[in-house]
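Here is how the chains run, residue by residue.
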Amino acid sequence: MEHQEHIIERYERAWIFFGLAMIAVFIILVGYLMLTMGNTNPVGAGRIDATKVRTEGDFANPRVEQVGNEYVAYVQAFAFGYLPAEMRFKVGRKVTFYITSPDVQHSFHVHNTNINVQVIPGEIAKVSYTFSKPGEYPIICNEYCGIGHANMISKLIVEP
Ligand code: CUA
């Protein structure tokens, strides 16, 4: 009788171990994916008066700033284009984009990456990314925003 209970206990322990091992594998997998893909979940970085985007503050002066080894970009997505019209970064350096719109809803999709941000007037979207390959990455608008929507394209160049 006692012998049998020992066997059952061992069997249960094996299952508990298996369960914990699966959880560990899952956590490692998710961690690996987050590290390799980059965390490109856009976050809200505050609100802004959409009527003043063109005239006041950081977005009135759309630009790329170099901060140490990283970049910060202030981007206006407007009907129908992006400012700055062209951005350049060195490969392998983190870029943090702040994006907003002075008019209607747009999106900021960087081709060949998983950056795809909704740009809502009155809100500042923030997303960070490190480009690991040099090349040209067109920026396109995925949100129908009016007659010029299809031409709402911009250029992002990653230099070696
Ligand atoms: Cu902006 Cu479509």
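Residues numbered from 1 in each chain as written. Predicted model: local features only at pLDDT ≥ 70, side-chain atom pairs only at ≥ 80, totals over all residues. Heavy atoms only, no water.

(A) Layout of the confidence of the model for the chain. When pLDDT is averaged across the chain, the result is 90; 93% of the residues are at 70 or more. The spread of mean pLDDT over the elements of the chain runs between helix H1 (residues 2-37), the lowest at 76, and strand S3 (residues 70-78), the highest at 98. (pLDDT = per-residue confidence, 0-100. Helix = DSSP H or I, 4+ residues; strand = E, 2+ residues; numbered from the N terminus.)

(B) Layout of the side chain of Thr113. Residue placement: Thr113 occurs in the loop between strand S7 (106-110) and strand S8 (116-119). Thr113 gets classed as buried once you look at its relative accessible area, which sits at 12%. Separated by 2.7 Å, the side chain of Thr113 and the backbone oxygen of Val110 make a polar contact. Discounting chain neighbours no more than four positions away, the residues touching Thr113 are Tyr129, Phe131 and Tyr137. (Buried < 20%, exposed > 50% of the residue type's maximum accessible area, 1.4 Å probe, protein only. Polar contact = N/O pair within 3.5 Å; in protein donor to acceptor, adjacent residues only side chain to side chain. Contact = heavy atoms within 4.5 Å.)

(C) Region of the structure containing the UniProt feature "domain: Cytochrome oxidase subunit II copper A binding" (unreviewed entry) in the chain. As recorded in UniProt, the feature "domain: Cytochrome oxidase subunit II copper A binding" (unreviewed entry) lies at residues 64-160. Secondary structure across residues 64-160 comprises 0% helix and 60% strand; the distance between its end C-alpha atoms is 17 Å. (UniProt positions renumbered as here; feature names shortened; annotations may be inferred.)

(D) Spatial organisation of the domain arrangement of the chain. For the chain, the domain assignment lists domain 1 (1-37) and domain 2 (43-159). Computed from C-alpha coordinates alone, the two centres of domain 1 and domain 2 are separated by 44 Å. (Domains from an automatic or database assignment.)

(E) Summary view of the pattern of salt bridges. The final tally for this structure, using the stated rule, is nine salt bridges. Across the pair Glu65 and Arg63 runs a salt bridge whose closest N-O atoms are separated by 2.8 Å. A residue is classified by how much of its surface remains accessible, and Arg63, at 18% relative accessible area, is buried. Two residues, Glu159 and Arg88, come together in a salt bridge whose shortest N-O distance is 2.8 Å. In this pair, Glu159 sits in strand S11 (residues 153-159) while Arg88 sits in strand S5 (residues 86-90), placing the two residues 71 residues apart along the sequence. A residue is classified by how much of its surface remains accessible, and Glu159, at 22% relative accessible area, is partly exposed. Judged by relative accessible area, which is 43%, Arg88 ranks as partly exposed. (Salt bridge = Lys/Arg side-chain N within 4 Å of Asp/Glu carboxyl O.)

(F) Local environment of the packing of aromatic side chains. Enumeration over the complete set of coordinates arrives at ten aromatic pairs. Judged by centre distance (6.0 Å) and plane angle (75°), the rings of Tyr82 and Phe108 are edge-to-face. Placement of Tyr82 in strand S4 (residues 81-83) and of Phe108 in strand S7 is noted, with a sequence separation of 26 residues between them. Exposure remark for Tyr82: the relative accessible area of 3% places this residue in the buried category. What makes Phe108 buried here is its relative accessible area of 0%. With 4.9 Å between their ring centres and 65° between their planes, Phe131 and Tyr137 make a pair best called edge-to-face. The exposure class of Phe131 is buried, given its relative accessible area of 1%. (Phe/Tyr/Trp six-rings, centres within 6.5 Å; stacked < 30°, edge-to-face > 60°.)

(G) Representation of the pairing of S3 in the model. Within S3, eight of the nine residues are buried, which leaves it mostly tucked inside the rest of the structure. Sheet analysis places strand S2 (residues 63-67) next to S3, joined by five bridges and oriented antiparallel. For Val64, the partnering residue across the bridge sits in S3 and is Ala73. Linking two consecutive strands that pair antiparallel, namely S2 and S3, is a turn of two residues; a positive phi of about 65° is found at Gly68 within it. Where S3 meets strand S6 (residues 94-100), six bridges bridge the pair, whose relative direction is parallel. Counted as the bridge partner of Gln76 is Thr100 from S6. Here three bridges tie S3 to S4, and the two strands are oriented antiparallel to one another. The partner of Ala77 across the bridge, within S4, is Tyr82. Adjacent in sequence and paired antiparallel, S3 and S4 are bridged by two residues. (Pairing = 2+ DSSP bridges.)

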